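# Commentary on secondary and tertiary structure
Chain by chain, the residues run as shown.
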Amino acid sequence: MPKDKTKRSEGRLTLTGRGFGFVHPESGPDILVPFDHLATATSGDTVLVEHFPEANPEKPAGRVVRVVERSTLPFVGRVRHHGKELRLYPEGQRIGRALILKREALQTFTATLPGKKALQDGDVVSAELVSWEDPSNHPVGRPLELVGRRDDPQSEVLMIALARGFTLEFPAEVNRAADEIAAPQMQDREGGRRDLRQGKCFTIDPESARDFDDALSIHQRPDGRFTLSVHIADVSHYVSERGAIDKEAWQRGTSVYLGNTVLPMLPERLSNDLCSLVPNKPRYAVTVQAVIDSTGTVSDAEIFPSIIKSARRFTYREVEAVLHGAPDPLAAQLHLLHLVTQQLRRLREQDGSVDLDIGTPNIILDENGVPVSIRPSERLFSQRLVEESMLLANRL
């Protein structure tokens, strides 16, 4: 009997919004899997895929022959009654079928809800996949958590976040680690830190900002050149590498803003306290300091740990007003920063840098969190002050 020469690969499956998916093996190109060859696999599953022999080896395609390991990420969506069944219609593109919620599991779940009020059409629920053997039938699921009732506008935001793998709460281990962090004594000798608390630094952020992780300062030197400093909150002082907080932050990647909800990368103890550069509070930072002449050329630069104390929390619109002539105790520094960053931008563009001045939509919410209008965001000069300063810090 001849040997079966059909090639097979194992990897993680990702579904697209158009229904088909790609399997990502450890080596080699991604493998296209058409919608009708996904079998019972869902996005995030580890699957075994059989290659189509007629496909181009450089652009392989195939079919799922077995689910090796199911993703543990729950499905989140709205529930709807369908005859005697209650089905969950997942948000996002992780699965192309509704989950039938098991009756016995529903009864147990309902008993845990406030007032034991049964689920209604439109309620947002998270559920786990219990079984799915036949792709022609609906998968069976078990409800895990009531995310929100249908009349709660916040449930829509939570559904979008959870369906894309974001988590609302930090694991208990991470919260414990954050609570155990001792308040620093702010000693300038520690780690060779320079004490910059006498300098006038400030933060510039959107009005909706919840945490403040970078500050700026600038002054003109006796020789006529300028010293521009970018101060970044020193998270590394508090977070040990590969510790619980570090691992969780690595998974989250960044803080995410959804409407009036924020999903922070770091626990509140850090993001809103120890690592937030709020006015009049000493904070540990890492400072990137550059000496710049009137043409925007950097003649000297250094990076060092520091202690700073922000003098002011500016919004973009407040800085914009100062740049257009409004009085302010820090007006001189802001105008200097404006002049220097204009030269930095000029040099950057001369070097071929692309400035993607693309407007983004700004969703306006009422007091209940319900969207009432969508307006284009306005690009302000004050935003460019921060952008150019950060781009310079990243280049040094």
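No experiment lies behind these values; they were computed from the predicted model shown. (Residues numbered from 1 in each chain as written. Predicted model: local features only at pLDDT ≥ 70, side-chain atom pairs only at ≥ 80, totals over all residues. Heavy atoms only, no water.)

### Details of the nonpolar core
To keep it simple, the criterion reads: We define the nonpolar core as a collection of buried residues of types Ala, Val, Leu, Ile, Met, Phe, Trp, Tyr and Cys that are connected through side-chain atoms lying within 4.5 Å of one another. Burial classes: relative accessible area under 20% of the type maximum marks a residue as buried, over 50% as exposed, and values in between as partly exposed (1.4 Å probe, protein chains only). Helix and strand assignments come from DSSP, with helices taken as H or I runs of at least 4 residues and strands as E runs of at least 2, each series counted from the N terminus.
Ranked by internal contacts, the top residues of the largest apolar core, which has 27 residues, are Phe202, Ile204, Leu216 and Leu334. Breaking this core down by element, the ones donating at least two residues are β12 (201-205), β13 (214-220), β14 (226-233), β17 (282-292), α6 (316-323), α7 (331-350) and α8 (381-395). The next biggest cluster of nonpolar side chains, apart from the first, holds 21 residues, and it includes Ile181, Met186, Ala249 and Leu270.

### Considerations on the packing of α7 against α8
Note the threshold: Axis definition: a line fitted to C-alpha atoms, over the contacting stretch in the case of helices. Angles run 0 to 180 degrees between N-to-C directions. With respect to orientation, any angle under 35 degrees is reported as roughly parallel, any angle over 145 as roughly antiparallel, any angle of 65 to 115 as roughly perpendicular, and every other angle as oblique. Handedness of a helix crossing follows the sense of rotation of the near helix relative to the far helix, less than a right angle counterclockwise being left-handed and clockwise being right-handed. In this description, contact between two residues means that some pair of their heavy atoms is separated by no more than 4.5 Å. Ten residues, namely Ala, Val, Leu, Ile, Met, Phe, Trp, Tyr, Cys and Pro, are considered nonpolar, four, namely Asp, Glu, Lys and Arg, are considered charged, and the remaining ones, Gly among them, are considered polar.
Running from amino to carboxyl end, α7 crosses α8 at an angle of 60°, the nearest separation of the two axes being 9 Å. Viewed along their axes, α7 and α8 adopt a mutual orientation that is oblique. Judged by the twist between their axes, the crossing of α7 over α8 is left-handed. On α8, the residues touching Leu334, Leu337, His338, Thr341, Leu344, Arg345 and Arg348 of α7 are Phe381, Arg384, Leu385, Glu388, Ser389, Leu391, Leu392 and Arg395. Split into classes, the residues belonging to the contact of α7 with α8 amount to 7 nonpolar, 3 polar and 5 charged.

### Thoughts on the packing of helix α3 (residues 172-179) against helix α4 (residues 244-252)
In a packed pair of helices, the relevant descriptors are the angle between the two axes and the axis-to-axis distance. Remark: α3 packs on α4, axes separated minimally by 8 Å, with the N-to-C direction vectors making an angle of 125°. Put simply, α3 runs oblique to α4. In this structure, α3 meets α4 at a crossing whose hand is left-handed. Seen from α3, the contacting residues are Glu173, Val174, Ala177 and Ala178; seen from α4, they are Ala244, Ile245 and Glu248.

### A short note on the packing of aromatic side chains
Quick note on the threshold: Stacked, tilted and edge-to-face pairs are distinguished by plane angle, under 30 degrees for stacked and over 60 for edge-to-face with tilted covering the rest, among Phe, Tyr and Trp rings (Trp via its six-membered ring) whose centres lie within 6.5 Å. Put simply, a charge is over a ring when the Lys NZ or the Arg CZ is close to the ring centre, within 6 Å, and near the line of the ring normal, within 35 degrees.
Counting across every chain of the model gives 3 aromatic pairs. Taking 5.8 Å as the distance between ring centres and 80° as the angle between the ring planes, the aromatic pair formed by Phe20 and Phe22 counts as edge-to-face. Residue Phe22 is classed as partly exposed on the basis of its relative accessible area of 30%. It is Arg94 that lies over the ring of Phe75; its NZ or CZ is 4.1 Å from the centre. Lying across the ring of Phe170, Arg252 places its NZ or CZ 3.8 Å from the centre.

### Some details on unusual backbone geometry
The phi torsion at Lys116 lies on the positive side, around 55°, for a residue other than glycine. With a relative accessible area of 59%, Lys116 lands in the exposed category.

### Topic: the pattern of salt bridges
The test is simple: In the sections that follow, a salt bridge refers to a side-chain nitrogen of Lys or Arg positioned within 4 Å of a carboxyl oxygen of Asp or Glu.
Enumeration according to the criterion identifies 22 salt bridges in this entry. Note that Arg164 and Glu91 form a salt bridge whose closest N and O atoms lie 3.4 Å from each other. Highlighted residues: Arg164 in the loop between α2 (154-163) and α3 and Glu91 in the loop between β7 (85-90) and β8 (99-101), separated in sequence by 73 residues. Relative accessible area serves as the criterion here: at 47%, Arg164 is assigned to the partly exposed category. Between Glu241 and Arg242 there is a salt bridge whose closest N-O contact spans 3.5 Å. Overall, Glu241 belongs to the exposed group, its relative accessible area being 63%. Shared partners join several salt bridges into a network, and the residues in it are Arg8, Glu50 and Arg63.

### Examining the environment of Leu344
Mapped onto the elements, Leu344 comes out in helix α7. The buried category is assigned to Leu344, whose relative accessible area is 2%. Each C-alpha atom of the pair Leu344 and Leu385 lies 9.9 Å from the other, and the pair is 41 residues apart in sequence. The residues touching Leu344, leaving out its near neighbours within four places in the chain, are Leu228, Ile292, Gly296, Glu388 and Leu392.

### Regarding the state of the cysteines
So the rule is basically this: By convention in this document, the label disulfide applies to cysteine sulfur atom pairs within 2.5 Å.
Under the counting rule described, the total for this entry stands at 0 disulfides. Note on Cys201: no disulfide assigned, nearest cysteine sulfur contributed by Cys275 at a separation of 15 Å. A residue is classified by how much of its surface remains accessible, and Cys275, at 6% relative accessible area, is buried.

### A look at the pairing of strand β19 (residues 361-365)
When a strand is regular, its side chains alternate between the sheet's two faces. Here is the rule: Strand pairing requires that DSSP identify at least two bridges connecting the strands.
Bridge count between β19 and strand β20 (residues 371-376): 5 bridges; the pairing is antiparallel. Considered in β20, the bridge of Pro361 is made with Pro376. Between the end of β19 and the start of β20, which pair antiparallel, lie 5 residues, with Gly369 showing a positive phi angle near 85°.

### Some details on the sheet that holds strand β4 (residues 46-51)
Here 5 strands make up an open sheet; going across it, the order is β3-β2-β1-β4-β5 and the pairing antiparallel. The open sheet has two free edges, formed respectively by β3 (31-33) and β5 (62-69), since each of these has just one partner strand. Going across the sheet, the axis of each strand differs from the next one's by a mean of 40°, ignoring polarity. Pairing of strand β1 (residues 8-15) with strand β2 (residues 21-25), which is carried by 5 bridges, proceeds in the antiparallel orientation. Paired with Leu13 across the two strands is Val23, which belongs to β2.

### As for the environment of Arg221
Counting through the fold element by element, Arg221 comes out in the loop between β13 and β14. Along the sequence, Arg221 and Ala311 sit 90 residues apart, while their C-alpha atoms lie 20 Å from each other.

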